[in-house]
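If you want the building blocks of each chain, they are given just below.
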Amino acid sequence: MAAGGADKFSVLLPTYNERENLPLVVWLLARTFRESGNNFEIIIIDDGSPDGTQEIAEQLEKIYGSDKIVSCIFCIFFLIFYSVGKYVKSLENWDRVPGFCTSFTSLKKKQKEGNFDIVSGTRYKGNGGVYGWDLKRKLISRGANFLTQVLLRPGASDLTGSFRLYRKEVLQKLMEKCVSKGYVFQMEMIVRARQLGYTIGEVPISFVDRVYGESKLGGNEIVSFLKGLLTLFATT
Amino acid sequence: PVGAGGVGAGRGSVRLSRPLSPQAAMTKLGQWLCGLALLGSAWAALALAPPGLQLPAPYRQALLPLPVYLLVAFGCYSLATVGYRLATFNDCEEAATELQEHISAARADLRRRGLRF
């Protein structure tokens with residue numbers, strides 16, 4: 001992939017209490033990029049974690065170099081404009097420490113193939129899937145996705161997977177337009193992208209349950225998802 | 001409506017694209033309300049018409065409970081669809097084992113490079 005070497009990729013990692021996952025994710029990313037020959041930077045955005053995530057981030061910065069790891073506690077909005085990569089990959093969902101190597105390269109390959117503005121990973125199509133999910137969780141996931149498809153008709157099969165590759169200008173434009181916070185933000189990005197006429201490609205991904213840390217999904221999450229969905233329904 | 005392209009070769013990836021829309025779209029809620037208003041008024045006009053303009057009796061009898069039938073049909077469709085998708089939700093065993101390997105490799109390598117966990 002000689003042509004791929006010229007493009008630089010920025011990876012956004014928002015973290016909260018991810019002290020144990022962070023080194024693994026960074027290691028996997030660094031290895032993937034080294035193998036594919038792309039220049040990269042990993043931007044770790046820590047929300048003031050009490051478990052020392054920031055300290056781990058700083059250690060990683062020493063190991064990999066300051067041009068490769070940037071750690072800070074800025075709001076994610078400012079960082080988009082400062083990142084120097086041409087493509088920005090976002091990883092907002094820490095429930096996955098996925099097959100990064102294969103997933104990332106397939107995201108990148110897809111982008112080049114179709115010259116897409118956004119490439120989104122989907123758990124629901126092709127040979128995408130999950131591991132370690134019980135029936136209840138799968139049911140909630142499929143039910144929520146069905147509701148989303150009916151209400152929003154978004155043109156993408158997985159809105160909450162949050163494993164995406166954006167062109168930088170596309171991401172900037174979308175950040176300007178999006179107003180939601182949290183979970184719903186990712187859904188809004190895709191909905192707005194479609195409204196603006198951006199092309200969205202999809203790639204199947206495997207979502208393996210997190211090994212360390214606690215999954216932030218419960219009754220509260222479901223309620224806020226529904227609220228967010230209805231808000232998007234009424235405003236977009 | 002989205003114009004979906006063909007299925008990509010090999011791993012079953014799907015391509016979606018949409019041309020640029022010329023004007024600002026109505027919100028989804030707005031679209032639903034418009035659609036419901038249209039269908040609702042058509043139904044009301046036909047099913048609840050004053051005696052002078054009524055359709056023949058059999059048609060009216062079929063038309064009157066139509067909204068409820070459609071609702072129930074949609075409910076059945078939803079259950080069937082979600083059930084089918086639930087049943088065909090892939091489980092990725094290989095990804096999980098691959099992940100475990102990555103984790104041990106990562107920990108060993110990082111420890112060597114001086115990371116204090």
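Remember, it's a predicted structure, so these values are computed and weren't measured experimentally. (Residues numbered from 1 in each chain as written. Chains lettered and ligands numbered in written order. Predicted model: local features only at pLDDT ≥ 70, side-chain atom pairs only at ≥ 80, totals over all residues. Heavy atoms only, no water.)

1. Some points on the overall build of chain A
Part 1 of the reasoning: The helix and strand inventory of chain A stands at eight helices and nine strands.
Part 2 of the reasoning: Surface summary for chain A: the accessible area is close to 9,100 Å², and the carbon and sulfur share equals 57%. (Helix = DSSP H or I, 4+ residues; strand = E, 2+ residues; numbered from the N terminus. Areas by Shrake-Rupley, 256 points an atom, 1.4 Å probe, with all protein chains shown as cover.)

2. Regarding a nonpolar patch on the surface
Residue and element names in this part refer to chain A.
Part 1 of the reasoning: Together, I140, L147, I222 and L226 make up a nonpolar patch on the protein surface, roughly 270 Å² of accessible area in all.
Part 2 of the reasoning: Counting only elements with at least two residues in the nonpolar patch, the list comes to α5 (135-152) and α8 (219-235).
Part 3 of the reasoning: Classification of L147 by relative accessible area gives partly exposed; the value is 34%. (Patch = residues over 30% accessible without salt bridge, like charges linked within 9 Å, V, L, I, M, F, W, Y side chains within 5 Å. Salt bridge = Lys/Arg side-chain N within 4 Å of Asp/Glu carboxyl O. Buried < 20%, exposed > 50% of the residue type's maximum accessible area, 1.4 Å probe, protein only.)

3. Observations concerning the confidence of the model for chain A
Residue and element names in this part refer to chain A.
Part 1 of the reasoning: On average, residues of chain A score 76 in pLDDT, and 78% of them reach the 70 mark or higher.
Part 2 of the reasoning: Of all secondary-structure elements in chain A, the lowest mean pLDDT belongs to helix α3 (residues 76-82), at 46, while α5 reaches the highest, 91.
Part 3 of the reasoning: For residues 1-5, every residue scores under 50 in pLDDT, and the model assigns this stretch six contacts once sequence neighbours within four places are set aside.
Part 4 of the reasoning: Predicted confidence is poor over residues 92-101, with pLDDT under 50, and the contacts of this stretch with residues over four places away or in other chains come to 49 contacts. (pLDDT = per-residue confidence, 0-100. Contact = heavy atoms within 4.5 Å.)

4. Regarding the environment of A30(A)
Part 1 of the reasoning: For A30(A), the location among the structural elements is in helix α1 (residues 21-36).
Part 2 of the reasoning: Taking the C-alpha atoms as reference, A30(A) lies 34 Å from I222(A); in sequence the two are 192 residues apart.

5. Examining the pairing of strand β2 (residues 39-46) of chain A
It is a general feature of regular strands that their side chains alternate between the two faces of the sheet.
Residue and element names in this part refer to chain A.
Part 1 of the reasoning: The element β2 is largely enclosed, with a buried count of seven among its eight residues.
Part 2 of the reasoning: Of the strand pairs in this sheet, strand β1 (residues 8-15) and β2 are connected by eight bridges, and their pairing is parallel. Paired with F9 across the two strands is F40, which belongs to β2.
Part 3 of the reasoning: For the crossover that starts at β1, traverses α1 and ends in the parallel β2, the hand is right-handed. (Pairing = 2+ DSSP bridges. Right-handed = clockwise from strand over helix to strand, strands pointing away.)

6. A word on the environment of L48(B)
Residue and element names in this part refer to chain B.
Part 1 of the reasoning: With respect to the helices, strands and loops of the structure, L48 is situated in the loop between α1 (28-47) and α2 (57-63).
Part 2 of the reasoning: For L48, a relative accessible area of 53% corresponds to the exposed category.
Part 3 of the reasoning: C-alpha separation for the pair L48 and P58, spaced ten residues apart in sequence, amounts to 13 Å.
Part 4 of the reasoning: If we skip the residues at most four places from it in the chain, L48 touches W43 and L64.

7. Concerning the pattern of salt bridges
Part 1 of the reasoning: The final tally for this structure, using the stated rule, is nine salt bridges over all chains.
Part 2 of the reasoning: Two residues, R31(A) and E35(A), come together in a salt bridge whose shortest N-O distance is 3.7 Å. Here the residue R31(A) and the residue E35(A) both occupy positions in helix α1, the gap between them amounting to four residues, near one helical turn.
Part 3 of the reasoning: Across the salt bridge formed by D109(B) and R112(B), the nearest N and O atoms sit 2.3 Å from each other. Note that D109(B) and R112(B) are positioned in helix α4 (residues 93-112) at a spacing of three residues, about one turn of the helix.
Part 4 of the reasoning: For R112(B), a relative accessible area of 65% translates into the label exposed.

8. Some thoughts on the packing of aromatic side chains
Part 1 of the reasoning: This structure, assessed with the given rule, holds six aromatic pairs over all chains.
Part 2 of the reasoning: Ring geometry for W133(A) versus F89(B): centroids 5.9 Å apart, planes at 75 degrees, classification edge-to-face. Of this pair, W133(A) sits in the loop between β6 (129-131) and α5 while F89(B) sits in the loop between α3 (66-87) and α4, each in a different chain.
Part 3 of the reasoning: What makes W133(A) buried here is its relative accessible area of 10%.
Part 4 of the reasoning: With relative accessibility at 5%, the residue F89(B) sits in the buried group.
Part 5 of the reasoning: Summarising the aromatic geometry, the rings of F74(B) and Y77(B) are spaced 6.4 Å apart at their centres and angled 35 degrees between planes, so their arrangement reads as tilted. Highlighted residues: F74(B) and Y77(B), both in helix α3, separated by three residues, approximately one helical turn.
Part 6 of the reasoning: Judged by relative accessible area, which is 40%, F74(B) ranks as partly exposed. (Phe/Tyr/Trp six-rings, centres within 6.5 Å; stacked < 30°, edge-to-face > 60°.)

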